[in-house]
Amino acid sequence: VCELLLSDKEYVGFATLPNQVHRKSVKKGFDFTLMVAGESGLGKSTLVNSLFLTDLYKDRKLLNAEERITQTVEITKHTVDIEEKGVKLKLTIVDTPGFGDAVNNTECWKSVADYIDQQFEQYFRDESGLNRKNIQDNRVHCCLYFISPFGHGLRPLDVEFMKALHEKVNIVPVLAKADTLTPTEVKRKKIKIREEIEQYGIKIYQFPDCDSDEDEDFKQQDQELKDCIPFAVIGSNTVVEAKGKRVRGRLYPWGIVEVENPAHCDFVKLRNMLVRTHMQDLKDVTRETHYENYRAHCIQSMTRMVVKERNRNKLTRESGTDFPIPMVPGATDTETEKLIREKDEEVRHSPLLYNQNKYMKQN
Ligand code: GDP
């Protein structure tokens with residue numbers, strides 16, 4: 001009957017649903033939070049400025065060597081509102097100055113991990129609160145991790161950092177200051193870094209697989225993107241003149257390095273990936289995998305606390321004192337049980353939670 005009705009009228013109107021969603025999200029605007037991490041001096045701020053064509057670091061204070069000896073990692077946040085063809089994007093850059101700067105850098109990734117967890121915690125609180133309408137989402141969607149071009153592949157600190165964070169955030173590794181390397185060196189370094197990433201079991205952000213019905217061009221572009229990891233990047237805050245055109249680049253006595261020239265580096269590929277093709281996927285993975293993981297742990301420990309409390313109450317009741325302690329009012333008891341039942345139900349319905357629960361029970 002339904003089919004008949006549809007073919008009768010031909011057009012009901014739900015085909016406009018994508019337009020409705022489009023209008024709504026454009027009106028609301030978009031947000032994206034990008035973190036940059038890696039040793040200082042690798043060109044993080046320069047690259048961010050080049051990526052978004054803004055000066056995000058106007059009032060940065062650089063520390064001298066002595067000040068950096070005991071430097072702790074501080075986290076700073078810069079937000080800019082950018083607009084393009086009527087689409088608004090609130091871009092937040094989270095920087096980690098001081099990372100790897102001190103003499104002793106053991107566990108210097110910890111404050112970065114804590115920061116990411118804090119954003120998850122805040123979101124979890126807001127989401128469980130009464131007013132869920134205007135939640136400010138500060139979760140970190142992507143972390144560009146800068147690898148030095150001067151080492152032989154990854155350094156221990158790089159491995160430690162990525163391993164500590166790979167389950168909390170989408171890590172996209174970049175090979176910094178690629179203009180200091182020859183094309184052959186870039187190629188070799190990329191292969192070495194990819195091998196090491198595999199060898200150490202580091203889980204960097206995985207580009208989603210192409211749909212099988214995509215055209216060949218698209219598939220090839222997608223493969224090129226995957227082979228590009230780590231993106232070899234060059235940043236510059238200056239505009240120079242090359243072949244009669246004004247371009248963002250670096251002027252050397254022997255020539256000009258152009259930031260946006262694909263023959264010189266992967267800057268454009270990285271920018272396209274971040275902004276044009278994968279921004280939404282980075283946000284989806286953050287929400288569906290990283291945040292979900294965090295949330296699962298939270299609920300698990302909350303449930304365990306409730307059960308422990310309940311057992312403690314029971315034990316006190318049964319401890320056979322001369323003066324029997326009055327029963328905990330029935331309401332509270334059933335309330336606790338209800339909460340556990342609800343959480344259990346939730347765990348059972350989420351495959352991720354279910355598997356984790358099973359794993360925990362086994363251990
Ligand atoms: P940050 O401490 O990681 O934020 O590094 P900065 O962006 O402040 O850059 C440190 C120094 O490296 C500055 O003198 C930059 O001009 C220079 N620099 C930045 N990007 C590049 C690059 O791609 N290639 C080269 N050769 N130098 C760069």
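Residues numbered from 1 in each chain as written. Predicted model: local features only at pLDDT ≥ 70, side-chain atom pairs only at ≥ 80, totals over all residues. Heavy atoms only, no water.

By the naming in an unreviewed UniProt entry, the protein is Septin, taken from Cyprinus carpio. The record in UniProt for the protein states the following under Subcellular location (unreviewed entry): "Cytoplasm". (UniProt positions renumbered as here; feature names shortened; annotations may be inferred.)

Trainee: Teacher, can you tell me more about the nonpolar core here?
Mentor: Nonpolar side chains in soluble globular proteins tend to be buried together. Core analysis: the largest hydrophobic core is formed by 73 residues, its most contacted members being L144, F161, L165, F231, L270, M273 and L274. Those residues within four positions of L165 in sequence are excluded, and the remaining contacts are W109, V112, A113, I116 and I171. (Core = buried A, V, L, I, M, F, W, Y, C linked by side-chain atoms within 4.5 Å. Buried < 20%, exposed > 50% of the residue type's maximum accessible area, 1.4 Å probe, protein only. Contact = heavy atoms within 4.5 Å.)

Trainee: Help me out: how do you make sense of the side chain of S236 in this one?
Mentor: The topology assignment puts S236 in the loop between β6 (231–232) and β7 (239–242). Residue S236 is classed as buried on the basis of its relative accessible area, which comes to 1%. Side-chain polar atoms of S236 contact the backbone nitrogen of T238, separated by 3.0 Å. If near-sequence neighbours (up to four positions away) are discounted, S236 is found in contact with T46, S50, R248, G249, R250 and V259. (Helix = DSSP H or I, 4+ residues; strand = E, 2+ residues; numbered from the N terminus. Polar contact = N/O pair within 3.5 Å; in protein donor to acceptor, adjacent residues only side chain to side chain.)

Trainee: Help me understand the pattern of salt bridges, please; the structure alone is not making it clear to me.
Mentor: For side chains bearing opposite charge, pairing can occur when the charged atoms are close. Overall, the coordinates contain 20 salt bridges when judged by the stated rule. Note that E196 and K192 form a salt bridge whose closest N and O atoms lie 3.7 Å from each other. With a gap of 4 residues between them, E196 and K192 both fall in helix α7 (residues 183–199), about one helical turn apart. Residue classification places K192 among the partly exposed positions, given a relative accessible area of 35%. Between R295 and E292 there is a salt bridge, with the nearest N and O atoms lying 3.8 Å from each other. On the criterion of helical spacing, the pair formed by R295 and E292 is a turn pair, its members being 3 residues apart in helix α10 (residues 279–318). You can call E292 partly exposed: its relative accessible area is 23%. Taken together, the salt bridges that share partners define one network made up of E39, R155 and D158. (Salt bridge = Lys/Arg side-chain N within 4 Å of Asp/Glu carboxyl O.)

Trainee: What exactly am I supposed to notice about the sheet that holds strand β5 (residues 171–175) here?
Mentor: Either a parallel or an antiparallel arrangement is found when strands of a sheet pair, and the pairing is made through backbone hydrogen bonds. On the basis of which strands lie adjacent, the open sheet formed by 6 strands has the order β2-β3-β1-β4-β5-β6 and mixed pairing. On the outer flanks of this sheet lie β2 (76–84) and β6, each paired with one strand and no other. Pairing between strand β4 (residues 142–147) and β5: 5 bridges, direction parallel. Bridging from a neighbouring strand, F146 pairs with V174 of β5. Sheet strands in contact with helix α6 (residues 156–165) are β1 (30–37), β4 and β5, and its direction is about 170° off that of β4. (Pairing = 2+ DSSP bridges. Axes fitted to C-alpha atoms, helices over the stretch in contact; angles between N-to-C directions.)

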